[in-house]
Amino acid sequence: MVAQKRALEDSSTAHKSKKSKVVNTQPSNTSNLVPEEVDFPRGGGTSFTAVEVKAIRAEAAKEANEELFVDAGPSVKKARKKKRASEAKPSAQTSDKPEKVRIEHLNYKRMNPGMKILGQIVAIQPLALIVSLPNQLFAHVPLTHISNQLTAMLERAEESAEDFSDEEGGGEVNTKSPIPELSEIFHLGQYVRGVVTTIYPPGSTEASVVAKTGDEVARTSRRVELSLFPERVNAGVHKTDLKPGFALTGALKSIEDHGYILDLGLQEITGFLSFKHAERRLQPGQLLDVTVTEMSNNGRICNVIADQATFSSTSLSEVANASSILPGALVNALITSVTSTGLNLQILGFFEGTVDRSHLQDGTPAAYKVGKKIKARVLYDFSSSPPRFALAITEHILALKLKREGGSTLQEAYPIGKVLDQAKITQVESERGVVVKLETGLEGFVHISHISDDHVPTLSSSSGPWKIGTIHRARVIGYFPFDGLLQLSFKPSILEQRFLQVDDIGVGEIVIGTIKKLTDNGLFVSLSGNIDGIVWPNHYADIVLKHPSKRFKNGANIKCRVLVVDKERKRISLTAKKSLLDSKLPIVSTFDDAKVGVVTHAVIFKVNEKHLTVEFFNNLRAIVPLKEASETTISSLADSFPVGRVVRVRVIATDPEHNRIIASIRQTSPTFQPIADINAVEIGHIVQATVSEIHKDNVVLTLQPTQVRGLISLKNLANHRKLTVHQLCASLKTGDLLEDLVVVTRNAEKGFVIVASKPQAKVPFKGPLSLETVIIGQLVGGRVTRQSTNGTLVKFNSHIGGILHPTDTCDDFEAGVPFPAIDSLVKAVIIDIDRSRKQLTLSTRHSKMYPDQVKTIVDRHVDDINDLHPGETIRGFIKSVTEHGLFVTLGRGLDARVQIRELFDEYVKEWKDRFNVNQLVKGRILSVDTSTKKIEMTFRSGTSKDPSRLSIGDLQIGQKVEGTVKRIENYGLFIQIQNSKLTGLCHKSQLSDNQDADVEVALQGFREGDHVKAMIQKIDKNKISLSLKPSNFDNEDFQDNVSDHDVDETFGAVDDSMEDLQMTSNEIGQDDVDDEDSTDENDDRMDVDTKPVAPVFRTSISAKQDSSAPPPQSSLQLMSGFSWSNDQTQVDHELDGGSSSDDSENEASSSKKKQRKRREIEYDITADMHTRTPESSADFERRLLGSPNSSYLWIQYMSFQLQLSEIDKAREIAKRAITTISFREEQERLNVWIALLNLENVYGTDELLESTFKDAAKANDSKTIHLRLASILAEAGKHERAEDQFKRTCKKFGQSSKVWTSFGEYYLHKGDLDEARKLLPRSLQSLEKRKHLKTISKFAYLEYKLGEPERGKTLFEGIVDSHPKRWDLWSIYMDMEAGQGDMQSLRNLFGRVFTLKMTSHKAKDLTSVDRAFFKKWLELERRLGDEEGAQIVKQKAIEWTQRANTS
C-alpha cells in the first residue's frame, strides 16, 4: 500500500497549488520530484496544501471502495481490517496478478523540464511555432530552439547586420536574408517531437517570442516552452538502435552533390539523405522526420529516407533501453488492464504504458479486452522509475494526420461560433470539466470555467444539471487539434455573444462598443468578449479634435464602422467619422469591389504634388490625378485636400495586373456631365451628327444615335461645301444635321471623337500621315527603303511604314515592276492597317488604286487559300531555292511548294542554276490543303499529272478509266488506274461478252504493262471491280481526242522576247520608270527615281552572271515546252547527245572540242571561289582549305548539312572545326562551340546537350559558356531549364556582376518582375563592394527598358544621391529619362548637375564634361522640348562660360 500511496501522491497534481513557480532547465540542489519528499515530517506535518490533502483522501477512499468492496467481496473486508496496522510494511507474500498503473492526465504540474513529448503544429508565427499537446495543452517553440543550424544562420545574419550598420558610405541597398521563414520549413498539422525546456507560471509575459495577439491559443501556449534540437530529442538513442526501420528526427546540415547531410544529434554519426529519397527541395536548418535504411560499414554514416508514409507506418520492435523510445514511435502493445479511466499496456515486452480515455479510438475502455494486442503511438514519458509512457491509439494519431470529420477538418466542419443543440455529456471530471459527444459521434471538451456564467467549484457525474447523459446547447470556441476534440462552452453569455473572433466581423459593418481607454496613439474600444478595436486619431471625427478626452470617456458606448480587419494579426481598425457612419454608398473593401463607375466615400491618405492617394476600407487605396481632383484650377492640392478628409470619388479605371485603381473626385460633382461610352464608334465609321455649339475654329457635334460628342473643323466643313469659313458660319445653325462624316480620331479619356467630311473621291493624301488619320482605300506616297523576303518596305514618315508584296504590285507581273528600286518613290493604296506594328499593307495594282477604271487583269489577286483550286494555272515569284525544290509566293502569306520531280518533264541534274530568287514563274496547282495551308504546285507541262491525284472518292460506278496491267493472276487482271495509285481487279469473267469463250486464253493474251481501258463495275470500301467487256465501250471511247488541251502549256520560268533578254539592268529600270511616269504624268507629287532598278526578274537571266561571260545568244527551244535563256551547259548536253545536224563529222568534232574547251573554262570556278556561295560539300571543303580558321565557314557548313537532315555529319563537322581552328583563335573556336550547343539543343538529347556543355566549359571561358547556354535555352522557350541554368551560373560565378544582371534581364523579358527584383539584394550579398554600383545601375537600366520606369528612377536617384560626382551615371540617368519623353524631369536633372558642379572646387574651369552636358541638354530641348527651352540652355551656357573666364 505504501507503493500505491506514493503513486497516488505523485499523480495527484490536478489541483492548483497556492503558489506557482517557474521551472527552469537548470539543475538545482533540491529536487522537485515528489517521491523524494519526507514521508513522515517531524511534527506530523505535510507538504501538501489542505485542498490537495482533501483530494488525495477522496481519491484514496474511492479507490479503496472499488478494490475492497467491489472486487474482493465481503470475505476480504475482515482480513483488510486486521491487516490495516501492517499496511505500511511490505508484505512478505507477493500477488501473482500485476498491480494496476494509475492513469493520469497530463497537466502543467505533472510536466517537468526534460520531458520528451509529441505535439502538433497549430500556428506558425514569425518567431515561434504554436504546438498542440496531449490533454488539451499548448506550448510554443522559439525560433532559436529548432535546430543548431538555423540558430547559427540567425547569429551570422545578426553579425553581418551589425557590421553593415557600422560601415560608412551611402548607396548600399539592403539585402534580403537567406534565412528561411518558418512557414517555408513547417506546415500546419505537422507532428513534431520536442523536449520541455521551461514552464512559466500563469500570466507570465517572459515568453516574448510569441506574438501578442488576441488569440487565446497563442496566449495559452506561453506557459510551456519546447525545444526541437535533435541532440535533445534523440538523447538516449544508441548506435545499436539505428537499424532499418528506426524512426527519428534530424536537421539538415548541408547540401552536397548527391544529397543532404543531416545532423541526427548523435555523436560520431551523421545522416545522409539522397536527392531521390527527398520529397521536395529542402533548406539548411530544416527538421526532417526520417527512417533509417542502412548503416555504412564504418558505422559513421546512417542512410535515411524522408518518406512520410514510411515514417508513420514503421513500428519499433526492439530498443537498447527505455531512453531509445522516442515520442511519436509506433509500438506493439499488450493490454494488461482495463479501467474506467483508460487502459494499462505493456510495450515492447518490458515497459509499462497507459492510454487515457481521450486517446482511445471510441472513447470507451469497455470496448477493449485484456490480452489483446494493439498498435499504439508513444506520446510522452513520465520521467519516472521504472519507465512509464503515455500512448494513444486514436486513428488520426496513429496515421500522424489531421483529425477529420466527414472528409473535412475540424475547423471546416465546425467553425468557431457554431452553435450545437445536441451536446450529450459522456464523462465528468469533477475538477476539470466534462466531455460531450455530438450527434455525429465527434467529442468535445467543456472546461469547468465554461460550464456556466456563475462560479462552479466542482462537478458531479451522478447529480446536478451536468450529470452524465444530460443534453445541453454548446458553442464552438476553439479546438484541441492533437486530441481531436472541440473546445466548447455552455455559458449563456457565450451562446448569445455576437462576435467570437475577429473573422466574424465584416469590413464596413456598423458596431457599438464600449470605450476601454484613450491613449495618445488611439482609442481602444471593446466590441465583444475579448475582441477589441482601435480608432486612430485621424478617424475620431470629420474634423481634427483638439481635446479628444472631453468627447471619449471610459466605459461610454460608441458607434463605429469597421474600417480594417487584419485577420492574420487579429486586429480591427474602426472609424468614428460621422460622414462614414452615415454613408449609404457602397463599401469598397476589395479590388473586385472597385468596379468602374462605382461612387463611394474615401479618406485622403496622402497628398503629392500631382496626385492624391485616397483610402477605401481594408487599406485599399486609389490614385486621384491632379486633373480629376476638381473641375476648377487648384494651386495647391495640400491646401484644398488635407489628409483625413472624407471625399466622394468615382472609380474611373482599374489595372488588375498591378492592382491599381484610378479614381476621380471631379466626376462626382453634381454639375459634372458623364462621359459617353465611345466604344460603339470606331475610326473609319460613317456617322451623322447634329450641331450643338459653334466656336471660332471648330463645331461641337452630337453624334446620332450614340449621343457621343464630336468635333469638326470649320475649315474642313467649308472646303467640303466649297464655301469660305465666313459664309459657312453665316449659314450654319445649331440643330443642323450633318451627314457623311468620317470618324478620324477617338479620345476615350475625354469621351469625344474628331470627325471630318467624307471625301468625295480618293485623292492622294497630302497632309501629315498618322495611324489615326489613315484609312483603308486612301492613296499615299512613300520612298522604298529596302527589300525583304515579305516584299518591299516603303517608308512614309518617321513613325509609319508599309509593306508592298510583289503580288500586289501590278495586274500583269510581266509588264509591271514587282520589286521597285531602293530610294525610289511609289504611290500606293492602303488595303490593310496593322496598328499594333504601326505598319500599312499596300498595293500598287491599277485595279486597286483606281477601281472605277476598267483594265485587263492578267494576274488576279489571291487573298486567301480558298481562292486557289487544283488544276488552276497561276503565276508567282520564287521565294526561295532549297535542296528539295522551290517555294513560290502566290500572295500575301500564301506560298506553294514545287518539288524537284515537278520542275521538269525530263531529268535535269544541275537544276538550281536555272532558277533565281524573285524570278517570275508559271505553274499549275496540284493540291490545296486548307487545314495546314499547304499548296503543291507543278511546272511539268502538258497533261502529265501527279499519279496520286485521283482518290477513291473521285471514282464512280460506270466511269470509264484508263490503266496499266500491273499483275496477272489465274482469276483475273490487276489494273492500276491512270493518274492515281489505285489498283482494281478485273475478274476473268469480265474479259469477254461471249460466255463460251476460253478466258484462260484471253488472260494469256495480256502482258504486264499493257495499256487498257476499263469501266468501273463496283466499289466496295477500298476494293474496285473493273470490266473490260467490249460491250461497255463504243467507238468514240477508242478514238484519239485531239483538243486544245492536248497542246502542252508552257510552265516554269517565264521568258520574254530576245529583245528583252538583251536588255541591261539599266534599260529595264528605265523602261519601268517610263511606264510609271506615263501613268502618273499628272501627279506633281509623285517623282519616281530614275536610278537603275536592282534585279527585276522579268526573265530567266541569272543575277549572278559574270561580266566576263559571253553575250547571250539565241534561246534554245526544248521539245518539252520549256523556254530558257541561253545556257551553255544545255548546248553542250545537246551536242554530246548526238542531235541531228547537216554539218560534216569534222565540223561536229571541231565544234565538240571548242565546246568542251569552253565548258572547261566556264566551270573553272577557282578564281571566284571566295565570292561564290558554296552549294555542295566539295565547295565547302575547297573554301575551308583556304580559310581553316573561319568559324563563319564552318558554321555555314554545319547549316548546309542540317538542311539535308544530316545531323550527325553536322555534329562531326563541328568537332572537326574545334580541332582544326588554331588555339590562338579563341573567339572563332567559341563561335563553333556555341553553334554546337545550339545544334544539340534543337536536335540532340538532354544528355548530349549537357555533355557538350561540360566540354565547352572546359575548352573556353566557363562563365561565357554558362551564360550562352542559358540564353540558348531561354530563346528556345525552355524557361524552366533556362532558369535552372541561370541559378547554376549564379551559384558558380556569384562574384560576377554580368551573371546577376543577365539573370535579371531574363526574368524581366519573361515578365516575372518580382523574381527579377529579388535578384538585386541577393547579388549585392555575393558581389564585391566595388561592383555594387555597376550592378545597381544595370538593374535600374533594365527597369527602364523592360520593367517599371518609376522603379528604375528610384534606383538611379539612390545612386546619384550617394555618388553625386559620378557624371557618367548622371548621363545614363538622363538618357533613360529622355526615353520616357518627360522634358521637365530632364530639366530638373540638368539643373541638379550644374548646381553640384557649382559647389565643386573645379567650378571655375569649363571642362569637357560641362560642354558635353550643355550639348546634350540643347539636343534634348530641340528633340523633346521647345525653342524657348533651347534658348534658355544657350543662355545658361554663355553665362557658365563667362563665369569660368572671369574666374
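Look up: the structure comes first, before these words.
Calculation criteria
Residues numbered from 1 in each chain as written. Predicted model: local features only at pLDDT ≥ 70, side-chain atom pairs only at ≥ 80, totals over all residues. Heavy atoms only, no water. Helix = DSSP H or I, 4+ residues; strand = E, 2+ residues; numbered from the N terminus. Buried < 20%, exposed > 50% of the residue type's maximum accessible area, 1.4 Å probe, protein only. Contact = heavy atoms within 4.5 Å. Areas by Shrake-Rupley, 256 points an atom, 1.4 Å probe, with all protein chains shown as cover. Polar contact = N/O pair within 3.5 Å; in protein donor to acceptor, adjacent residues only side chain to side chain. Pairing = 2+ DSSP bridges. Core = buried A, V, L, I, M, F, W, Y, C linked by side-chain atoms within 4.5 Å. Phe/Tyr/Trp six-rings, centres within 6.5 Å; stacked < 30°, edge-to-face > 60°. Lys NZ or Arg CZ within 6 Å of the ring centre and 35° of its normal. Axes fitted to C-alpha atoms, helices over the stretch in contact; angles between N-to-C directions. Parallel < 35°, antiparallel > 145°, perpendicular 65-115°, else oblique. Nonpolar A, V, L, I, M, F, W, Y, C, P; charged D, E, K, R; others polar. Expected span 1.5 Å × (residues − 1). Arc of directions from axis to C-beta. Patch = residues over 30% accessible without salt bridge, like charges linked within 9 Å, V, L, I, M, F, W, Y side chains within 5 Å. Salt bridge = Lys/Arg side-chain N within 4 Å of Asp/Glu carboxyl O. Lys, Arg positive; Asp, Glu negative; His and termini not counted. Charge placed at Lys NZ, Arg CZ, Asp CG, Glu CD. Left-handed = near helix turned anticlockwise from the far one by under 90°.

S.K.: Give me the overall build of the protein chain: which residues, what numbers.
M.R.: A count of helical and extended segments in the protein chain gives 36 helices and 56 strands. Looking at the 1447 residues of the protein chain, the share that counts as buried comes to 42%. Here the contacts in the protein chain between residues at least 6 apart in sequence split such that 61% fall between residues at least 24 apart. Of the accessible surface of the protein chain, which amounts to about 79,400 Å², a share of 49% is contributed by carbon and sulfur atoms.

S.K.: Residue-level account of the side chain of histidine 472, with values.
M.R.: By the element assignment, histidine 472 lies in strand β22 (residues 471-480). Judged by its relative accessible area of 16%, histidine 472 falls in the buried class. Here proline 465 takes part through its backbone oxygen, which lies 3.2 Å from a polar atom of the side chain of histidine 472. Among the polar contacts made by the side chain of histidine 472, one reaches the side chain of threonine 470 at a distance of 2.9 Å. In contact with histidine 472, not counting residues within four places along its chain, are Leu420, Asp421, Gln422, Ala423, Ile425, Pro465, Trp466 and Phe490.

S.K.: Summarise the pairing of strand β10 (residues 301-305); cite the residues concerned and give the values.
M.R.: By the bridge criterion, four bridges tie strand β8 (residues 270-274) to β10 in an arrangement that is parallel. Residue pairing across strands places glycine 271 opposite cysteine 302, the latter belonging to β10. As paired strands, strand β9 (residues 287-295) and β10 are joined by four bridges and run antiparallel to one another. For glutamate 294, the partnering residue across the bridge sits in β10 and is asparagine 303.

S.K.: Go over the nonpolar core with me, naming the residues and quoting the values.
M.R.: Counting residues in hydrophobic clusters, the biggest one holds 78 residues, and the most contacted among them are Ile1265 and Phe1413. Ranked by the residues each element gives to this core, the list is headed by helix α25 (residues 1226-1243), at eight residues. Aside from chain neighbours lying at most four places away, what touches isoleucine 1265 is Leu1230, Ile1234, Leu1237, Phe1253, Ala1256, Ala1257 and Asn1260.

S.K.: Can you tell me about the packing of aromatic side chains, naming the residues and giving the values?
M.R.: Each pair of aromatic rings is reported with the distance of its centres and the angle of its planes. Per the counting criterion, the structure on display carries 25 aromatic pairs. Ring geometry for phenylalanine 445 versus phenylalanine 480: centroids 6.3 Å apart, planes at 65 degrees, classification edge-to-face. Of the two residues, phenylalanine 445 is situated in strand β21 (residues 443-447) and phenylalanine 480 in strand β22; the sequence distance between them amounts to 35 residues. Assigned by exposure class, phenylalanine 445 and phenylalanine 480 land together as buried. Feature note: the residues Phe1286, Phe1303, Tyr1306 and Tyr1307 constitute an aromatic cluster, connected by ring pairs. Positioned above the aromatic ring of tyrosine 108 is the side chain of arginine 223, whose terminal nitrogen or guanidinium carbon lies 4.2 Å from the ring centre. The ring of phenylalanine 605 is capped by arginine 621, whose NZ or CZ atom sits 3.7 Å from the centre of that ring.

S.K.: How would you summarise the side chain of histidine 1266 if you had to cite specific residues and measurements?
M.R.: You can see histidine 1266 is positioned in helix α27 (residues 1262-1275). One polar contact links the side chain of histidine 1266 to the main-chain carbonyl oxygen of serine 1262, over a distance of 2.8 Å. The contacts of histidine 1266, once residues within four sequence positions are left out, are Phe1253, Ala1257, Gln1285, Thr1289, Lys1292 and Phe1293.

S.K.: Could you give an account of the sheet that holds strand β28 (residues 571-575), with specific residues and numbers?
M.R.: Ordered by their spatial adjacency, five strands build a closed barrel running β24-β25-β26-β28-β27, and the pairing between neighbours is mixed. Neighbour to neighbour, the strand axes of the sheet diverge by 50 degrees on average, direction disregarded. One ladder, built from two bridges, connects strand β26 (residues 531-535) with β28; its direction is parallel. Within the sheet, the bridge partner assigned to valine 535 lies in β28 and is leucine 574.

S.K.: Break down the packing of helix α22 (residues 1177-1186) against helix α23 (residues 1191-1203) for me, citing the residues and quoting the values.
M.R.: One can describe the packing of α22 onto α23 by two numbers: an axis separation of 10 Å at closest approach and a directional angle of 170 degrees. Overall, the two elements α22 and α23 adopt an arrangement that is roughly antiparallel. Touching Ser1177, Phe1180, Glu1181, Arg1183 and Leu1184 of α22 are Leu1193, Trp1194, Gln1196, Tyr1197, Phe1200 and Gln1201, all from α23. For the contact of α22 with α23, the class distribution of residues is six nonpolar, three polar and two charged.

S.K.: Requested: an account of the sheet that holds strand β51 (residues 983-987), with residues and values cited.
M.R.: Spatially, β49-β50-β51-β53-β52 is the arrangement adopted by the five strands of the closed barrel, whose pairing is mixed. Ignoring strand direction, the axes of neighbouring strands in this sheet form an average angle of 50 degrees.

S.K.: Break down helix α24 (residues 1207-1220) for me, with residues and values.
M.R.: A rise of 1.5 Å per residue sets the reference length of α24, with its 14 residues, at 20 Å; its end C-alpha atoms lie 20 Å apart and thus fit the reference within 8%. Buried within α24 we find Ala1210, Arg1211, Ile1213, Ala1214, Ala1217 and Ile1218. Down the axis of α24, the buried set is contained in an arc of 160 degrees. They therefore lie on one face. Projecting away from the buried face of α24 at angles above 90 degrees are the exposed residues Asp1208, Glu1212, Lys1215 and Thr1219. The elements touched by buried residues of α24 are α23, α25 and α26 (1246-1259).

S.K.: Any details on a negative patch on the surface? Residues and values, ideally.
M.R.: A cluster of acidic residues, Glu155, Glu158, Glu159 and Glu162, forms a negative patch at the surface. Tracing the backbone through its elements, the reader meets glutamate 155 in helix α4 (residues 148-166). By relative accessible area, which is 46% here, glutamate 155 ends up partly exposed.

S.K.: If you had to explain the pattern of salt bridges to someone new, which residues and values would you point to?
M.R.: One pass over the full model with this rule turns up 41 salt bridges. For aspartate 859, the salt bridge identified is with arginine 875, shortest N-O distance 2.8 Å. Within this pair, whereas aspartate 859 is found in the loop between α16 (846-849) and β44 (873-882), its partner arginine 875 is found in strand β44, the two being separated by 16 residues in sequence. Overall, aspartate 859 belongs to the buried group, its relative accessible area being 7%. For glutamate 1348, the salt bridge goes to arginine 1317, with nearest N and O atoms at 3.5 Å. Of this pair, glutamate 1348 sits in the loop between α31 (1332-1346) and α32 (1349-1362) while arginine 1317 sits in helix α30 (residues 1313-1326), and the two are 31 residues apart along the sequence. Glutamate 1348 gets classed as partly exposed once you look at its relative accessible area, which sits at 29%. By relative accessible area, arginine 1317 is classed as buried at 17%.

S.K.: Quick one: what's the story with α23, residue by residue and with numbers?
M.R.: Under the 1.5 Å per step criterion, the end-to-end length of α23 is 18 Å for 13 residues, consistent within 8% with the ideal 18 Å. Burial in α23 covers these residues: Ser1191, Leu1193, Trp1194, Tyr1197, Met1198, Phe1200 and Gln1201. On the buried face of α23, the contacting elements are α22, α24 and α25. Note on α23: the residue one or two positions beyond its end, serine 1205, has a positive phi of about 65 degrees.

S.K.: Tell me what's going on with the environment of valine 700, and back it up with residues and numbers.
M.R.: Summarising the element assignment, valine 700 is placed in strand β35 (residues 698-704). By relative accessible area, which is 15% here, valine 700 ends up buried. For the pair valine 700 and isoleucine 754, spaced 54 residues apart in sequence, the C-alpha to C-alpha distance is 9.6 Å. Setting aside anything within four residues of it in sequence, one finds valine 700 in contact with Thr690, Val691, Ser692, Glu693, His695, Gly710 and Leu711.

S.K.: How would you summarise the packing of helix α29 (residues 1297-1310) against α31 if you had to cite specific residues and measurements?
M.R.: Axis separation between α29 and α31 bottoms out at 10 Å; the angle between their running directions is 15 degrees. Between α29 and α31, the angle is such that the two are roughly parallel. Regarding α29 and α31, the two cross each other, and that crossing is right-handed. On the side of α29, the interface is formed by Ser1297, Trp1300, Thr1301, Gly1304, Glu1305, Leu1308 and His1309, while α31 contributes Lys1334, Thr1335, Lys1338, Phe1339, Leu1342, Glu1343 and Leu1346. When its residues are assigned to classes, the contact of α29 with α31 shows five nonpolar, five polar and four charged.

S.K.: Can you lay out unusual backbone geometry for me, pointing to particular residues and giving the numbers?
M.R.: Residue glutamine 704 is joined to proline 705 through a cis peptide bond whose omega torsion reads 0 degrees. Topologically, proline 705 is positioned in the loop between β35 and β36 (709-713). Unusually for a residue other than glycine, leucine 400 sits at a positive phi of about 55 degrees. Looking at where leucine 400 falls in the secondary structure, it is placed in the loop between α9 (395-398) and β17 (404-405). Overall, leucine 400 belongs to the buried group, its relative accessible area being 11%. Of note, aspartate 740 is a non-glycine position whose phi angle comes to about 55 degrees, a positive value. Residue position: aspartate 740 is located in strand β37 (residues 737-747).

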